[in-house]
Every structure is written in structure tokens, then in C-alpha cells.
Amino acid sequence: MGRFGLVSLGHGGFMGIGAYVCALLWNHFGVTPWLGIPAAMICAVAVALLVAYPCSRFRITGHYFALVTLALSAIVLQVITATREFTGGSLGYTPERVKAGGSGLWAFQFNDKFTWYLIALAAWGLVLLIRWRVDRSMMAYALEAIAEDEDAAGAAGVNVTAEKLKITALSAALTAFAGAIYCQYQMFISPDTVSGMGVSLQMVFASVVGGIYVLLGPTIGAIITIVLGEVLRIGFGTAAVGWDNLVYGVLLVVFIIYLPLGILGSIQARFAGAK
């Protein structure tokens, strides 16, 4: 979304929806995550469209759109925390483990780390493929035109509202998918780890640092984000609780001002200039 001018600070909300909906369906209704994950993605898309449609119709863009999505992330966090009789609130929530002799495949629960590595690798490859296809579709051209000038794009025949809703729905669905996969891997979730401003900030930071206009930019940014968080955790321990978000925020401002194309984007631009 960011590369098409739709800066969102609400993706922590979509990740939280994906994680909690999948876990709640499994614990309360016995719905396998194979069905719970698509259901969680649909719920995230519904919430995304509920917010994105009026924003598009009333032409809420730029930093105003970012503020609306920020409010969405905060609302999802508060709802998860407030409904503690269902979600466990701030104490967190644990999906029920499959009983001995049960089907781990049906429950989407695996004890082998290598299996989870393959799942994560497959998910990463799938999202890269989707991004690659989007970048080469007519939707990308339409969204680029909208980002430059909505009025001109509309006059040229682009359905501005429809195109914005498409990319928002796709982004929300993939983020919810990530939240559900994360929940199944960790087997424990809490509002602060899968939702809220902190999670959204990490996503934005990773995308901007790596380069939102380059296919592998967010991947490089995610590696930097994780390494930075681990360095702070190992180096400072509990004394550095909350420092990661502070560091992300400061570095985000620095990158936006001095390196707006991100690391890979800047390298690519330099090589292109050299040619």
C-alpha cells in the first residue's frame, strides 16, 4: 500500500485479527486452522474495507489516512484487551494443543522447527510472487496514476475507489495470514505482540528501511528490524523494554528524510545512475 501512496499505520490491527480469529475458532468451535486462517483473512478484509471505503469516498489521503489507520490499530488492540473473557486480555491467549495421538496436521501444529521453516519459506515465496504479479498488473499502473493525481486518474477512466479498495483488501488479507501463521507457530499470542502501534511501526520501518519500491526491500528491512530488536534485547535485557519502538521511530524519521528510497532502493538508483 505504501508504494502506491497509501501509508497505513493500522496493519498491527489486521495481524491481531488474523491471530485471534484463528485461535478463537479453534478453541471454541474446533474449526481447523486450515479453515480458520481463510476465515481470519476474510474478517480482516471486512474491517479493512469498512475503514477504507469511507476514506476513499471522502478523499481522506496522506497523513489523514495514516491517522485513521492508526486509530484502527488502537481500536483493535483495545477490543482484544477489553474482551478478556474470550481473548485473555493483556495476559495473552493460547490455542489448545492437539491431544496425544491427534492429528497435528489437522490442528496445524508442528513440533519440528524445520517444518515451520519450510512453512515460513513457502509463505515468503508466495507473498513475493503476489507482489511481483501486482507490480506487473494493470492495477499497479492505475494505483500509480492515483498516487500522482486522483482527479487526472479518474478523468482517464480509472475507478479510484475500486482500485484503492483492492490493494487495501489484498494487503489486509496477507497481514492477517501472517498473524494466523505466527499464532500457530508461537502457540501463544498477546495484544502487544500481534497488534497495536508497536507492531504496525515495525512493519512500516521494515518496508521503508529496505525500500518499498524494490521487490526484496521489505525482506531486507525485516531482517534489519529483527536483528536490531534482538541486539537490544540481548545487550540491554529488561532495561531496554520499549526501546525498540523508540529506535524504530527515530530511524524511520532519519530514513524518510535522508534515504527515502531505502537501502536497496538507493543502491538500485545508484547503479542505474552509473549506467
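Scoring rules and cut-offs
- Residues numbered from 1 in each chain as written.
- Predicted model: local features only at pLDDT ≥ 70, side-chain atom pairs only at ≥ 80, totals over all residues.
- Heavy atoms only, no water.
- Axes fitted to C-alpha atoms, helices over the stretch in contact; angles between N-to-C directions.
- Helix = DSSP H or I, 4+ residues; strand = E, 2+ residues; numbered from the N terminus.
- Parallel < 35°, antiparallel > 145°, perpendicular 65-115°, else oblique.
- Left-handed = near helix turned anticlockwise from the far one by under 90°.
- Contact = heavy atoms within 4.5 Å.
- Nonpolar A, V, L, I, M, F, W, Y, C, P; charged D, E, K, R; others polar.
- Expected span 1.5 Å × (residues − 1).
- Buried < 20%, exposed > 50% of the residue type's maximum accessible area, 1.4 Å probe, protein only.
- Arc of directions from axis to C-beta.
- Salt bridge = Lys/Arg side-chain N within 4 Å of Asp/Glu carboxyl O.
- Polar contact = N/O pair within 3.5 Å; in protein donor to acceptor, adjacent residues only side chain to side chain.

**Structural notes on the packing of helix 7 (residues 138-148) against helix 9 (residues 160-186)**
Think of two packed helices as two axes; the pair is described by the angle between the axes and how far apart they sit.
Working step 1: Interhelical geometry of helix 7 versus helix 9 gives an angle of 115° and a closest axis separation of 10 Å. By the angle class used here, helix 7 and helix 9 are roughly perpendicular. Helix 7 and helix 9 meet at a crossing whose hand is left-handed. When helix 7 is examined against helix 9, the residues Met 139, Ala 142, Leu 143 and Ile 146 are found in contact with a partner set consisting of Val 160, Glu 163, Lys 164, Lys 166 and Ile 167.
Working step 2: In terms of residue class, the contact of helix 7 with helix 9 is made up of 6 nonpolar, no polar and 3 charged.

**Remarks on helix 12 (residues 217-236)**
Working step 1: For helix 12, with 20 residues, the first-to-last C-alpha span of 28 Å sits near the 28 Å given by 1.5 Å per residue.
Working step 2: Among the residues making up helix 12, those that are buried are Gly 217, Gly 221, Thr 225, Leu 228, Gly 229 and Leu 232. Down the axis of helix 12, the buried set is contained in an arc of 95°. They therefore lie on one face. Opposite its buried face, helix 12 presents the exposed residues Ile 226 and Ile 234, each directed more than 90 degrees away.
Working step 3: Immediately downstream of helix 12, the backbone of Gly 237 shows phi near 65°, a positive value.

**A short note on the pattern of salt bridges**
Working step 1: Per the counting criterion, the structure on display carries 7 salt bridges.
Working step 2: The salt bridge partner of Arg 59 is Asp 151, with a shortest N-O separation of 3.0 Å. Pair noted here: Arg 59 is in the loop between helix 2 (33-57) and helix 3 (62-82) and Asp 151 is in helix 8 (residues 150-155), with a separation of 92 residues, a long-range link.
Working step 3: Linking Asp 135 and Arg 131 is a salt bridge whose minimum nitrogen-to-oxygen distance equals 2.9 Å. Of the two residues, Asp 135 and Arg 131 both sit in helix 6 (residues 113-135), 4 residues apart, roughly one turn of that helix.
Working step 4: Using a relative accessible area of 18% as the deciding quantity, one classes Arg 131 as buried.
Working step 5: A single network of salt bridges, built from pairs that share partners, joins Arg 3, Arg 131, Asp 135 and Glu 144.

**Focus: the side chain of Ser 195**
Working step 1: The topology assignment puts Ser 195 in the loop between helix 10 (191-194) and helix 11 (197-210).
Working step 2: Within the local environment of Ser 195, its side chain forms a polar contact with the backbone oxygen of Gly 12, the two atoms lying 3.5 Å apart.

**Digging into the environment of Ser 103**
Working step 1: Here Ser 103 is to be found in the loop between helix 4 (84-87) and helix 5 (104-107).
Working step 2: Residue Ser 103 is classed as partly exposed on the basis of its relative accessible area of 39%.
Working step 3: The spacing of Ser 103 and Met 203 is 100 residues in sequence and 34 Å in space, taken between C-alpha atoms.

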